[in-house]
Amino acid sequence: MDKGNADYVYPSSKENVENAHRVAIPPPQPFFNSLKYNLKETFFPDDPLRLFKNKPASKKFILGLQYVFPIFEWAPRYSFQFLKADLIAGITIASLAIPQGISYAKLANLPPILGLYSSFVPPLVYAIMGSSKDLAVGTVAVASLLIASFLGQEVNYNENPKLYLHLAFTATFFAGVFQASLGLLRLGFIVDFLSHAAIVGFMGGAATVVCLQQLKGILGLEHFTHATDVMSVMHSIFSQTQRWRWESGVLGCGFLFFLLITRYFIGYLKKGLNPPSFSDLVFVSPYLTTAIKTGIITGVIAMAEGIAVGRSFAMFKNYHIDGNKEMIAFGMMNIAGSCTSCYLTTGPFSRSAVNFNAGCKTAVSNIVMSMAVMVTLLFLTPLFHYTPLVVLSAIIMAAMLGLIDYEAVIHLFKVDKFDFIVCIGAYVGVVFGSIQIGLVIAISISVLRVLLFVARPRTSVLGNIPNSRIYRNIEHYPNANNVTGVLILKIDAPIYFANASYLRERIARWVEEEEDKLKASEESSLHYVILDMGAVGNIDTSGISMLEEVKKTLDRRELKLVLANPGAEVTKKLDKSKFIENMGQEWIYLTVGEAVTACNFRLHTCEPNPEKAESEPCDNVDICPDCCRAIDIITRNCWPAMLTSLGFTAEEGNILRGYCDVSSAPSLGGLVVIYHPQVSKVLA
């Protein structure tokens, strides 16, 4: 379908143009008020202090206590029915925590008992400070693998196990400090830079690496590579084929199959509660940097996973969790854990899913799990003394296979190819490089995508939806009609220094392409360029300079720049920079529809550029010397629309046509209407 404006009569009468709503300049605001507002929107978008407004001091104290310790908010409403549900859920996740804890501790090259210590103290802290009803606290595979990878580069856990253990506690301490600091400073949005696609790819790659590492236990090998890339692992496996133990392989594969079918776990434990470990923290060189780096990286990964899991289950039960409060809770439980012989904990998906499916009602399920683990530590540990190492390898592999989310990868491929590339890039980096390389790739690609969104924003040409005043992307709506003589462009992002040059070049290219298209089709020339600023939430000085350059470029082409729908922040900055004064406020409109109406009216009255019209006569019309009206070249089917656009009623139009001489003018490419002197009777 050919695009044109013949299908819709544009209401472009002078009255409509004069009555168009003008864009108002926002009233000036004191600097400190603006700064306060911007800081509040950046760091306190949820306005946590709103609950304290107009409350007496005693009420504020209670609300503050409930905000810091959410248990005081829901505990008074706790019922016996909730206790029964939480008791069942807590015992259920405790049965999972025991084997997972010792297996993940083994994965981190730590003593197995630390896995149970980490399921005793941190859940108690989270139950007091956490805001999720469904999150079950414990160690996770990816964080365990990261600890083994980062600390293993500095200290050999076989040669110096005591130093390695102390560095693990120290890394956990710094992870807690970092997490709590992000929450207290309201910087939780930093975690959002690690996209879901990157996390899926990274965790899938880490799970693959972990499974390959467990082949050491499955095959009964004593000597194995410490590298994590697939090539090193496969070389280590196939270079020792003569040392493979078929008995171990059969037992491991059989138990793995059993776990995948039944999900029943056992583990290896020692007897006794958590000993204090504050004195074991390492705050001196040369290992302090390693502990800080390990703590920050593992803390971010664990925190991102825990918050994502908590939000997922909160969505199912239709309640909200505060991301910043969750960070504080994670931080405090890891700080407390580092002082009580625990290593990094968060909210693992597998344990939380079991907690959710078991029917938990509140965080009391974490307390029940903690008590069950305490009983195990005190009385039941000797029962697991002879658990084979191959069983632990099978447990880890069974858990890791669940982390490879094939469905999520397929979903990413179908919905967003770039997200799929991010996911595969992170996976390949982990599997064929190392955990560190995969992590760098995951973060780098995620940040690169953010930069691409900022530096290369979307621009599109808008057209008119037939029989409406709605304007949409012509690629999205093929039936949308281009407006004759007008190019409407939409910018879908704030205009900053990072994208100003690109937008300047892209707008110029849109104009050149439109002019070439009109020239090739021998249609009327381009007169106006309308920029739809509705999606431009902000603009900086580089963006304003870009608009000034675009205006100068269009002026040289004898085109007029028109702005539509600028926001308050954009309008304020354009006004302060004198851009509106130089451009003329009459060229800024509230909506695209009003901007098109004004441009169409000027086209019909032969005033596409008022400054030029004052000094140069119009060549496209014939003007009757006895009449002040001038009519542009039109096609036969636009005759009624032209009369309407000039403000005539249907009755006046019929009278007018009787007084007009309509003659053919092929040299001018259309029909020219010449007013007869009697027209003045109609106008009167």
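Preceding block: the structure.
Residues numbered from 1 in each chain as written. Predicted model: local features only at pLDDT ≥ 70, side-chain atom pairs only at ≥ 80, totals over all residues. Heavy atoms only, no water.

Asker: Looking at this structure, how should I read the overall build of the chain?
Answerer: Helix and strand counts for the chain come out as 30 helices and 10 strands. Buried positions account for 49% of the 684 residues belonging to the chain. Contacts spanning at least 24 positions in sequence make up 78% of the contacts within the chain whose residues lie at least 6 apart. When the accessible surface of the chain is totalled, it reaches about 33,400 Å², and 61% of it is carbon and sulfur. (Helix = DSSP H or I, 4+ residues; strand = E, 2+ residues; numbered from the N terminus. Buried < 20%, exposed > 50% of the residue type's maximum accessible area, 1.4 Å probe, protein only. Contact = heavy atoms within 4.5 Å. Areas by Shrake-Rupley, 256 points an atom, 1.4 Å probe, with all protein chains shown as cover.)

Asker: Mind showing me how you'd approach the state of the cysteines here?
Answerer: Note: disulfide means a covalent bond formed between the sulfur atoms of two cysteine side chains. Under the definition given, this model contains 0 disulfides. The cysteine C342 is free of any disulfide, with C339 supplying the nearest cysteine sulfur at 9.7 Å. (Disulfide = S-S within 2.5 Å.)

Asker: How should helix α20 (residues 417-432) be read in this particular structure?
Answerer: Each α-helix winds once per 3.6 residues, and so residues spaced three or four apart point in a common direction. The terminal C-alpha atoms of α20, which comprises 16 residues, lie 22 Å apart, in line with the 22 Å expected from a rise of 1.5 Å per residue. The residue sitting at the N-terminus of α20 and contributing the capping side-chain oxygen is D416; that oxygen lies 3.0 Å from the backbone nitrogen of F418. (Expected span 1.5 Å × (residues − 1). Polar contact = N/O pair within 3.5 Å; in protein donor to acceptor, adjacent residues only side chain to side chain.)

Asker: Sorry if this is basic, but what is going on with the sheet that holds strand β5 (residues 560-564) here?
Answerer: Hydrogen bonds between backbone groups are what pair the strands of a sheet, and the pairing can be parallel or antiparallel. Read across the open sheet, the 6 strands follow the order β2-β1-β3-β4-β5-β6; overall the sheet is mixed. In this open sheet, the two edge strands, each paired with only one partner strand, are β2 (471-473) and β6 (588-589). Two strands pair when backbone bridges link them, and strand β1 (residues 459-464) and strand β3 (residues 486-491) are joined in this way by 4 bridges, in the antiparallel orientation. Along β3, the bridge assignment pairs L462 with I488. (Pairing = 2+ DSSP bridges.)

Asker: I'm lost on the packing of helix α5 (residues 80-107) against helix α17 (residues 364-380) in this one. Help?
Answerer: Angle between the axes and distance between the axes: these two values describe a pair of packed helices. It is the contact of α5 with α17, at a shortest axis distance of 7 Å, that shows an interaxial angle of 50°. Between α5 and α17, the angle falls in the class oblique. The hand of the α5/α17 crossing is right-handed. For the pair α5 and α17, contact is made by D86, L87, A89, G90, I91, I93, A94, A97 and I98 and by V364, S365, V368, M369, A372 and T376, respectively. Taken together, the residues of the contact of α5 with α17 sort by class into 11 nonpolar, 3 polar and 1 charged. (Axes fitted to C-alpha atoms, helices over the stretch in contact; angles between N-to-C directions. Parallel < 35°, antiparallel > 145°, perpendicular 65-115°, else oblique. Left-handed = near helix turned anticlockwise from the far one by under 90°. Nonpolar A, V, L, I, M, F, W, Y, C, P; charged D, E, K, R; others polar.)

Asker: Any chance you could explain the pattern of salt bridges here in plain terms?
Answerer: When the charged atoms of two side chains lie near each other, side chains of opposite charge can form a pair. For the structure on display, the rule yields 10 salt bridges. With a shortest N-O distance of 3.5 Å, K517 and E514 are connected by a salt bridge. You can see K517 and its partner E514 sitting in helix α22 (residues 500-521), 3 residues apart, about one turn around the helix. In this structure E514 comes out as buried when scored by relative accessible area, which is 10%. Across the pair E515 and R557 runs a salt bridge whose closest N-O atoms are separated by 2.6 Å. With E515 in helix α22 and R557 in the loop between α23 (541-556) and β5, the pair connects residues that are 42 residues apart, well separated along the chain. Residue R557 is classed as partly exposed on the basis of its relative accessible area, which comes to 31%. Linked through salt bridges whose partners overlap, the residues forming this network are D416, D419 and R449. (Salt bridge = Lys/Arg side-chain N within 4 Å of Asp/Glu carboxyl O.)

Asker: In this structure, what is going on with the packing of aromatic side chains? I would like to understand it.
Answerer: Two aromatic rings, taken as a pair, are described by how far apart their centres are and by the angle between their planes. The final tally for this structure, using the stated rule, is 10 aromatic pairs. When the centroid spacing of 6.1 Å and the interplanar angle of 35° are considered together, the rings of Y528 and W587 count as tilted. With Y528 in strand β4 (residues 528-532) and W587 in the loop between α25 (579-583) and β6, this pair connects stretches of sequence that are 59 residues apart. Pair check on accessibility: Y528 and W587 agree, each one buried. Among the aromatic residues, ring-to-ring pairing joins W74, Y78 and F82 into one connected group. (Phe/Tyr/Trp six-rings, centres within 6.5 Å; stacked < 30°, edge-to-face > 60°.)

Asker: I keep staring at the nonpolar core and nothing clicks. Help me out?
Answerer: Nonpolar side chains in soluble globular proteins tend to end up buried together. Counting residues in hydrophobic clusters, the biggest one holds 84 residues, and the most contacted among them are L110, L114, F202 and Y343. Aside from chain neighbours lying at most four places away, what touches Y343 is Y104, A105, A108, L110, L114, S118, T139, S144, I147, T172 and N334. Of all hydrophobic cores here, the second largest spans 52 residues; its members include A480, L547, L559 and L563. (Core = buried A, V, L, I, M, F, W, Y, C linked by side-chain atoms within 4.5 Å.)

Asker: Just checking my understanding: could you explain empty space enclosed by the protein for this structure?
Answerer: In this approach the atoms are scanned with a rolling probe the size of a water molecule, which exposes any empty space left behind. Tallying each qualifying case throughout the model produces 2 cavities of 30 Å³ or more. Here the second largest cavity defines a volume of roughly 40 Å³. Lining the second largest cavity we find V461, L462, N482, V483, V486, L487, I488 and E514. At the level of elements, β1 and β3 are the ones that each hand at least two residues to the lining of the second largest cavity. Residue composition of the lining of the second largest cavity, grouped by class: 6 nonpolar, 1 polar and 1 charged. (1 Å grid on protein atoms, 1.4 Å probe; cavity = no way out; pocket = protein on both sides within 12 Å on 5 of 7 lines; lining within 4 Å. Points joined across faces, edges and corners; volume = space filled by probe spheres on them.)

Asker: Explain a nonpolar patch on the surface to me, please; I cannot follow it from the model alone.
Answerer: A cluster of nonpolar side chains, namely F31, F32, L35 and L39, defines an oily patch on the protein surface of about 450 Å² accessible area. Position of F31 relative to the elements: it lies in helix α2 (residues 31-43). (Patch = residues over 30% accessible without salt bridge, like charges linked within 9 Å, V, L, I, M, F, W, Y side chains within 5 Å.)

Asker: Hey, could you run me through unusual backbone geometry in this one?
Answerer: Excluding glycine, most residues fall at negative phi; most peptide bonds, likewise, are trans. Unusually for a residue other than glycine, E558 sits at a positive phi of about 60°. As for its position among the elements, E558 is in the loop between α23 and β5. Phi is positive for N565, close to 60°, though the residue is something other than glycine.

Asker: Explanation requested: the pairing of β1 in the structure shown.
Answerer: On any regular strand, side chains alternate: one points to one face of the sheet, the next to the other face. Along β1, 6 of the 6 residues are buried, which leaves the element largely enclosed by surrounding structure. Of the two faces of β1, the one lined by T459, V461 and G463 and the one lined by S460, L462 and N464 are each fully buried. In the sheet, β1 pairs with β2 via 3 bridges, with the strands oriented antiparallel. Looking at the pairing, G463 lines up with R472 of β2. In sequence, β1 turns back onto β2 through a hairpin of 6 residues, with N467 there showing a positive phi of about 60°.

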